[in-house]
Amino acid sequence: MRIKTRWNNQDKTRSIQEIASALSYTLWRNGQSALLNMENEGFQTDTQMQRMEVMQEFMTFLAHMVDRMAYERMDDEERAEFVTAVARKLSDYVQDNIRDILGNGDHRAPFIERLNRRMDEYSEFAVIDDEPSFQLLRYFGDRMSEVLGERQRQWAGTQVIDIEAPNAIKTLKRAMRSLVPAQQPAT
C-alpha cells in the first residue's frame, strides 16, 4: 500500500497535529485495504454498517499500536497530545462515514468509547520492538471475528493474525519512521 513517507518540504517543522493528521489518514487507508483484502478472500460483510464495525475495530488496534510506538519517540506529554490527535482524526473519519450510512447524529462518541475500552484491554498484552505479541494479535483477531459474525468466526481470526495485522504493522512502522521523528537523547 502506498503511504506518505516524507513531507514535501522536509525543512519545515511539523506540529503534532499535522503529524497526527497524516498518520491518521495512513491508518484509515490501511484499514480500508485490510477490509477489502478480507472481502476479496471471501469474508463476507452484509451491510455498510458491518463494514464500518470492521473498520472501527481495525482503527482501535492501530491506534493502540501508534501509542505503543510513540512511547519510544516522544515524552509523555507529547505522546498524550499525539495519540489524542490521532484518535480525534480517526473519530472524524468514523463520523463522516457513518453519517453517510445512517444520517446525522453523534457517531464519534461510540467510537471513542470503543477506542478507550480497547486501549485498556490491549494494554494488558506485550508489544516488543514495535511488534504485537501473539496474545495481542489473538485478542484483536477475536474482536474482528465478533464483528464479522458467527459463520466466519473460524477463519477470520487466523486471517487477521497471519495476514492483515502483520501487513498493517509493517505499513504503520514505515509511516511512524518517516513521519514521527525519533526522540533526541538528552545532552
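Keep in mind it's a predicted model, so treat the numbers as computed, not measured.

Asks: Give a detailed account of the nonpolar core, specifying residues and quantitative values.
Replies: Counting 55 residues, the largest nonpolar core has Met59, Phe61, Phe82 and Leu172 as its most contacted members. Listed by contribution, the elements that provide at least two residues to this core are helix 1 (16-40), helix 2 (48-70), helix 3 (76-102), helix 4 (108-122), helix 5 (134-148) and helix 6 (153-179). Considering every element that reaches this core, the biggest residue donor is helix 2, with 12 residues. Sequence-distant contacts of leucine 172, defined by excluding residues within four places in its chain, comprise Leu23, Leu27, Asn30, Leu62, Met65, Val66 and Met69.

Asks: Go over the pattern of salt bridges with me, naming the residues and quoting the values.
Replies: One pass over the structure, following the stated rule, counts 11 salt bridges. Where glutamate 39 meets arginine 51, a salt bridge forms, and the shortest distance between an N and an O atom there is 2.7 Å. Of this pair, glutamate 39 sits in helix 1 while arginine 51 is found in helix 2, placing the two residues 12 residues apart along the sequence. According to the relative accessible area criterion, glutamate 39 is partly exposed, its value standing at 23%.

Asks: Describe unusual backbone geometry, with residues and values.
Replies: Non-glycine residue aspartate 129 carries a positive phi angle of around 55°. With respect to the helices, strands and loops of the structure, aspartate 129 is situated in the loop between strand 1 (127-128) and strand 2 (131-132). Assessed through its relative accessible area of 68%, aspartate 129 is described here as exposed. With a phi close to 65°, aspartate 130 is a non-glycine residue in the positive phi region.

Asks: Residues and numbers for the environment of methionine 69, please.
Replies: Within the secondary structure, methionine 69 sits in helix 2. Along the chain, methionine 69 and arginine 79 lie 10 residues apart, while their C-alpha atoms are 9.7 Å from each other. Here methionine 69 is in contact with Asp130, Ile169, Leu172, Lys173 and Met176, once residues within four sequence places are set aside.

Asks: Pulling in residues and values, what's your account of the packing of aromatic side chains?
Replies: As enumerated under the stated definition, the model contains six aromatic pairs in all. Each member of the aromatic cluster is reached from another via a ring pair, and the members are Phe58, Phe61, Tyr122, Phe125, Tyr139 and Phe140. Taking the ring centre of tyrosine 139 as reference, the NZ or CZ of arginine 143 above it sits at 4.1 Å.

Asks: I'd like to hear about the environment of valine 54, residue by residue, with values.
Replies: With respect to the element layout, valine 54 can be found in helix 2. Taking the C-alpha atoms as reference points, valine 54 and methionine 144, 90 residues apart in sequence, are found 6.4 Å from one another. Not counting chain neighbours up to four residues away, the residues in contact with valine 54 comprise Leu35, Met144, Val147 and Leu148.

Asks: For helix 4, give the residues involved together with the corresponding values.
Replies: Counted at 1.5 Å a residue, the expected span for helix 4 with its 15 residues is 21 Å, and the 21 Å between its end C-alpha atoms agrees. Tucked inside the fold, the buried residues of helix 4 contact helix 2, helix 3 and helix 5.

Asks: Account for the packing of helix 2 against helix 5, naming residues and giving values.
Replies: At a closest axis distance of 9 Å, the pairing of helix 2 and helix 5 adopts a crossing angle of 165°. For the element pair helix 2 / helix 5, the angle class is roughly antiparallel. Like other packed secondary-structure pairs, helix 2 and helix 5 cross with a definite hand, here right-handed. Residues Gln50, Glu53, Val54, Glu57, Phe58, Phe61, His64 and Met65 of helix 2 form the contact with helix 5, whose own contacting residues are Leu136, Leu137, Phe140, Arg143, Met144, Val147 and Leu148. Residues belonging to the contact of helix 2 with helix 5 are distributed by class as follows: 10 nonpolar, two polar and three charged.

What counts and what doesn't
- Residues numbered from 1 in each chain as written.
- Predicted model: local features only at pLDDT ≥ 70, side-chain atom pairs only at ≥ 80, totals over all residues.
- Heavy atoms only, no water.
- Core = buried A, V, L, I, M, F, W, Y, C linked by side-chain atoms within 4.5 Å.
- Buried < 20%, exposed > 50% of the residue type's maximum accessible area, 1.4 Å probe, protein only.
- Helix = DSSP H or I, 4+ residues; strand = E, 2+ residues; numbered from the N terminus.
- Contact = heavy atoms within 4.5 Å.
- Salt bridge = Lys/Arg side-chain N within 4 Å of Asp/Glu carboxyl O.
- Phe/Tyr/Trp six-rings, centres within 6.5 Å; stacked < 30°, edge-to-face > 60°.
- Lys NZ or Arg CZ within 6 Å of the ring centre and 35° of its normal.
- Expected span 1.5 Å × (residues − 1).
- Axes fitted to C-alpha atoms, helices over the stretch in contact; angles between N-to-C directions.
- Parallel < 35°, antiparallel > 145°, perpendicular 65-115°, else oblique.
- Left-handed = near helix turned anticlockwise from the far one by under 90°.
- Nonpolar A, V, L, I, M, F, W, Y, C, P; charged D, E, K, R; others polar.

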